[in-house]
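# Coordinates in review
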Amino acid sequence: MSTRSNAEADSNTVLIVEDEYFIAMEVKRALTEGGFAVLGPVSTVDDALRIINDQRPFAAVLDVTLENEMVTPVANLLTSMKVPFVLTSALHESELERHPTLRDVPTLGKPTDLGRLISALRSL
Amino acid sequence: MMLEDLYRLLRAGHVQAQGIVNTMTQPVVVLDQTMCVTTANHAFLEKFRVVSDDIVGATFFQLGNGQWDIPELRQLVSQVIPRAAAVIGFEVKHDFPTIGKRTFLIDARRLAHPDDNSMSILVSFDDVTEQQRHDAEKDFIISEMRHRMKNLFAIVRALASDTEAEGRTGVQYRDSFLARLEVTLRAQEIAATVISTDFETLLRQTIGEPTENRVSFQGPAIEIKASKVLSITMIFHELATNSAKHGALASRTGRVNINWSLERVPQGRTYLKCEWRETDGPTITPPIHRGYGRELIEGMSAHLGGTVQLNFGAEGFTAMFSLPI
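Computed from a predicted model, the values in this text were never measured in an experiment. (Residues numbered from 1 in each chain as written. Chains lettered and ligands numbered in written order. Predicted model: local features only at pLDDT ≥ 70, side-chain atom pairs only at ≥ 80, totals over all residues.)

### Structural notes on the sheet that holds strand β2 (residues 37-40) of chain B
All names here are of chain B.
- The five strands lie next to each other as β2-β1-β5-β4-β3, forming an open sheet whose pairing is antiparallel. Looking at the sheet topology across the chains shown, the edges are occupied by β2 and β3 (87-96). Neighbour to neighbour, the strand axes of the sheet diverge by 25° on average, direction disregarded.
- The sheet contact formed by strand β1 (residues 28-31) and β2 spans three bridges and is antiparallel. Residue pairing for β2: Leu31 is matched across the bridge by Val37. (Pairing = 2+ DSSP bridges. Helix = DSSP H or I, 4+ residues; strand = E, 2+ residues; numbered from the N terminus. Axes fitted to C-alpha atoms, helices over the stretch in contact; angles between N-to-C directions.)

Given below as structure tokens:
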């Protein structure tokens, strides 16, 4: 179901990391309708890292708290690869401030306004 | 009045005052103007595990390895007598040699005296360690609840937008939305209440009686982590529902065999290989549309980081899963 190829990142592949299946699918649908090609959605840090190593995405949409881990390793790798990302999280901003890689990143709350998500991705 | 009577009267008053101070559950010491301890109540001796003889006469700031010798506190207490000031709720966090890490709020006041010329200081200690731990826990639980509520609301919204509406009546839409909501919430409930669960137990719970009697379960004991319970419950609930509608469980003779095993792959991951095989049911034909059920089974398997192959063979439907656990 994921779009995979070894090609360089084209300007519209977006990785989705979200542990709640239904939310992940809603985001995927919104992105597809918004003209993006979706990588994932994946629910774990491991799977996300594997996909990124396979194919550099243009951008990523990250949930912050996954089932029993934080998304920070993924954010770190994306930052080092200069891949921009946005956060969709029900966490309070003060909570996000505590993690250096999650600071100063566009943050959309949860439930996420999908229209805002699309415009945030387009403006990256 | 005889001197003896006077002595008895004074002594009775002293004993009563001492009794009151000792009855207090809050640790209290009395200091003289040189900051030496003149009295300590039972609660103080008990709380700091010291004996009266060791501390009476000692300087307050030297007690217990000098744990109270904090410049700011020293400064405040030294002003209690000359300025008739009071120290209220001064917080001290310290790792005490005998009682471990504690947080105290300290009050120090000039001992009340009718002439208002008392030269003694009453210092009382409020152990707020537990209280602060409780508060921190409560804050954590509240923020966790808020997070879950938002998440749950997002799930409900996603389900509503995921349920097909085109070409259907409002009643049809509502019924199928509510049915999905019901299954999702039940699966959430199971996932929220267990730490991990046995795969077969989870399957039996999901498929439920009386259908369970027509399903055979074969495989080793496998622990499923709580994080995967929700998806696995929903996948197998969907398989069972479909089977009861169109597959083997729709006929009287039909059966389902579920077999599973574990497979380790080089990168260190372990996969659950599981086959759902329907037999002796009605002849089936592959569905024309990729319906909600099929999308859910394939989507959830991929979301778990695994794969699934669905086969609509004439002899019965099969699904072959490979899911990381």
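Anyway, onward from the coordinates.
### A short note on the packing of helix α9 (residues 226-246) of chain B against helix α10 (residues 292-303) of chain B
Residue and element names in this part refer to chain B.
- Two elements in contact, α9 and α10, have axes separated by 10 Å at closest approach and are oriented at 155°. Classified by the angle their axes make, α9 and α10 are roughly antiparallel. Remark: the crossing between α9 and α10 carries left-handed chirality. Within the contact between the two elements, α9 uses Ser231, Met234, Ile235, Glu238, Leu239 and Asn242 and α10 uses Gly293, Leu296, Ile297, Met300, Ser301 and His303.
- Split by residue class, the contact of α9 with α10 holds six nonpolar, five polar and one charged. (Parallel < 35°, antiparallel > 145°, perpendicular 65-115°, else oblique. Left-handed = near helix turned anticlockwise from the far one by under 90°. Contact = placed C-beta atoms within 7 Å. Nonpolar A, V, L, I, M, F, W, Y, C, P; charged D, E, K, R; others polar.)

### Digging into the pairing of strand β10 (residues 270-279) of chain B
Residue and element names in this part refer to chain B.
- One ladder, built from 10 bridges, connects strand β9 (residues 255-264) with β10; its direction is antiparallel. Note on β10: the bridge partner recorded for Leu262 is Leu272.
- Here β9 folds back onto β10, and the loop between the two strands holds five residues, one of which, Gly268, carries a positive phi near 95°.
- With seven bridges joining them, β10 and strand β12 (residues 316-324) adopt antiparallel strand pairing. Across the sheet, the residue bridging to Tyr271 is Pro324, located in β12.

### Examining the sheet that holds strand β11 (residues 307-313) of chain B
Residue and element names in this part refer to chain B.
- Overall, mixed pairing links the five strands, which are arranged β7-β9-β10-β12-β11 in an open sheet. Each edge of the open sheet is held by one strand with a lone partner, namely β7 (215-218) and β11. Between one strand and the next, the sheet's axes are offset by a mean angle of 10°, whatever the strand orientation.
- Each of β11 and β12 touches α10; the most contacted strand, β11, lies at about 150° to it.

### A look at the environment of Ser118(B)
Residue and element names in this part refer to chain B.
- Residue placement: Ser118 occurs in the loop between β4 (100-110) and β5 (121-127).
- Separated by 85 residues in the primary sequence, Ser118 and Gln33 have C-alpha atoms spaced 9.3 Å apart.
- Not counting residues within four places of it along the chain, the set of residues in contact with Ser118 comprises Arg110, Leu111, Ala112 and His113.

### So, the confidence of the model for chain A
Residue and element names in this part refer to chain A.
- Here chain A shows a mean pLDDT of 85. Residues at 70 or above account for 92%.
- Ranking the elements of chain A by mean pLDDT puts helix α4 (residues 93-97) last with 78 and strand β1 (residues 13-17) first with 95.
- Low pLDDT, under 50, characterises residues 1-8; the stretch is placed with 16 contacts to residues that sit more than four places away or in other chains. (pLDDT = per-residue confidence, 0-100.)

### Points about helix α6 (residues 129-162) of chain B
- For α6(B), with 34 residues, the first-to-last C-alpha span of 49 Å sits near the 50 Å given by 1.5 Å per residue.
- Buried within α6(B) we find Asn151(B), Ala154(B), Ile155(B), Ala158(B) and Leu159(B).
- Those residues of α6(B) that are buried are in contact with α1 (21-33) of chain A together with α7 (170-193) of chain B. (Expected span 1.5 Å × (residues − 1). Buried ≥ 20, exposed ≤ 12 C-beta atoms within 10 Å, placed from the backbone.)

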